[in-house]
Amino acid sequence: MKEILQPPTAAIVQNETKRVRELFDKNVVPSYARFDLVLERGEGNYVWDADGNRYLDLAGGIAVCSLGHAHPEITTALTEQSRKLIHVSNLYYTKPQGQLAKRIVDQIAPGRVFFCNSGAEANEGLFKLARKFGHDHGRYEITTTTDSFHGRTLAGIAATGQEKVKKGFAPAVEGFRQVPFNDLDAMRNAITKSTAAILIEPVQGESGVTIATPEYLIGLRRLCDQHNLLLMFDEVQAGHFRTGKFQSWQTIVASASGGRSDHRQDADATMLPDAVSMAKSLGGGFPIGAFWVREKYADVLSAGTHASTFGGTPLGCAVALKIFEVIERENLADNARETGAFLLGELQKVQQRFPNIVKVVRGFGFMIGIELQPEFKAGEIVKQLHRRNVLTVPAGASVIRLLPALNLRRSEAEEGLRLIESLVRDLAREKK
Ligand SMILES: Cc1ncc(COP(=O)(O)O)c(C=O)c1O
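Computed from a predicted model, the values in this text were never measured in an experiment.

1. Observations regarding the overall build of the chain
Move 1: Looking only at helices and strands, the chain features 15 helices and 17 strands.
Move 2: Computed over C-alpha atoms, the radius of gyration of the chain comes to 22 Å, within 12% of the 22 Å expected from 2.2 N^0.38 for 432 residues, which places it in the range of a compact globule.
Move 3: Seen through its C-alpha atoms, the chain measures out along the principal axes to roughly 70 × 60 × 45 Å.
Move 4: Expressed as a percentage of the 432 residues in the chain, the buried residues total 47%.
Move 5: Pairs at least 24 residues apart make up 72% of the contacts formed inside the chain by residues separated by at least 6 positions.

2. Brief notes about the site of the ligand
Move 1: By nearness alone, 14 residues border the ligand, and S118, G119, A120, V236 and Q237 come closest of all.
Move 2: Examining the composition of the shell around the ligand, we find that three residues originate from one element, helix α5 (residues 119-135), more than from any other.
Move 3: Looking at the shell around the ligand residue by residue, the class counts come to four nonpolar, seven polar and three charged.

3. Some remarks on unusual backbone geometry
As a rule of thumb, non-glycine residues mostly have phi less than zero, and peptide bonds are mostly trans rather than cis.
Move 1: At the junction of A170 and P171, the peptide bond is cis and its omega measures out at 0° in the coordinates.
Move 2: Unlike most non-glycine residues, F241 shows phi in positive territory, near 70°.
Move 3: Inspection of the secondary structure assignment puts F241 in the loop between β10 (230-234) and α10 (248-255).
Move 4: A positive phi angle, near 35°, is found at K280, a position not held by glycine.
Move 5: Structurally, the position occupied by K280 is in the loop between β11 (275-278) and β12 (289-294).

4. Quick word on the domain arrangement of the chain
Move 1: Taken domain by domain, the chain comprises domain 1 (73-329) and domain 2 (333-404 + 428-432).
Move 2: Inter-centroid distance (C-alpha atoms) of domain 1 to domain 2 is 27 Å.
Move 3: Grouping the constituent residues of the side of domain 1 that touches domain 2 by class yields five nonpolar, six polar and three charged.

Rules of the game
Residues numbered from 1 in each chain as written. Predicted model: local features only at pLDDT ≥ 70, side-chain atom pairs only at ≥ 80, totals over all residues. Helix = DSSP H or I, 4+ residues; strand = E, 2+ residues; numbered from the N terminus. Rg over C-alpha atoms; globule rule 2.2 N^0.38 Å. Buried ≥ 20, exposed ≤ 12 C-beta atoms within 10 Å, placed from the backbone. Contact = placed C-beta atoms within 7 Å. Near = placed C-beta within 6 Å. Nonpolar A, V, L, I, M, F, W, Y, C, P; charged D, E, K, R; others polar. Domains from an automatic or database assignment.

The structure is reproduced here in structure tokens:
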């Protein structure tokens, strides 16, 4: 006989939420300030909590869930590859890793790809690349920028230009210094005989969505050419078609020529970095990171100099390949650009209507920062949006970020706008 499932009662659900929280309180390292939500499942651009409440997900797992939740083609890629081969180590060749590397090379320019598991690990690869590159000439220093974020490893926090991530972890890994972002003179003045590389995020995400100017990027390229330095971009958050092109620097550089031409040609004609780190959206939720290095420097990390047990497993690469395929087939880069432009434009209208609540709205594609007036704390506003059934991400003190999946529909964007606008309107009413 078929079992009849009754929905859980409110009391049972509350107990369940409490039990999950207790598990965390007793057993999980408390290094995250978590929101009071127990999320249980997702589908497309929605997730559900343990109480059965549905939320529109404009956070995308912090720019990770490139195809939303429970995408059937990801499930198929996972199950089919796991039936064949999950892992064998990098002592051997596997087809998915080679194919994924080619996909990435084809999107940037001739070069090679190293696979790892996260953004911080991809950046560690860049740090080692720069050290090895400069080693024979006694050069080791990497210049980064203030308000940047490059991950939570020891070298990652040394590279990061935010004091709060470094606090309590002295002594810092040597060889990193920060200069103001979008300031070419500051970068030029920071170059010493020890400098080996420059590393920036073309769009600073964690500190509140600040975009590099095309002149800055092109100027950095010239500086690196003049001083024989590696130009390295951290595209962990802004990359993978989020801004309308594969990597955000390609969108920024193309914007200088009206955004019309093919990004690969733009990159070749005006600028190409020497190395790029990526992670997050690459695996759509499956942990995978990578860095691309230009052909000229492909041999700097020679056999035996760098490795990762789980880097580039057949399973992770099969998922990432499927994500590339779906993004291409469904023109999701165009969707990110167009639906993102719609969201940005509408949010800027909200800003104009409520300037005493919203200071500025900036970004491009599906990477948008809503900066509120300083009396509003980002974390509090994100919580208030939870009560209106929408997920967003705090950044810096008073910026909330929208980093949705690349397949967010126009109707879902409109729903998000309505929810955000209703909160802004209520805040304006309360402020009177
Ligand atoms: C620009 C940037 N670099 C690196 C990282 C670190 O990535 P992960 O958390 O995967 O180590 C992040 C994470 O937010 C990031 O935004």
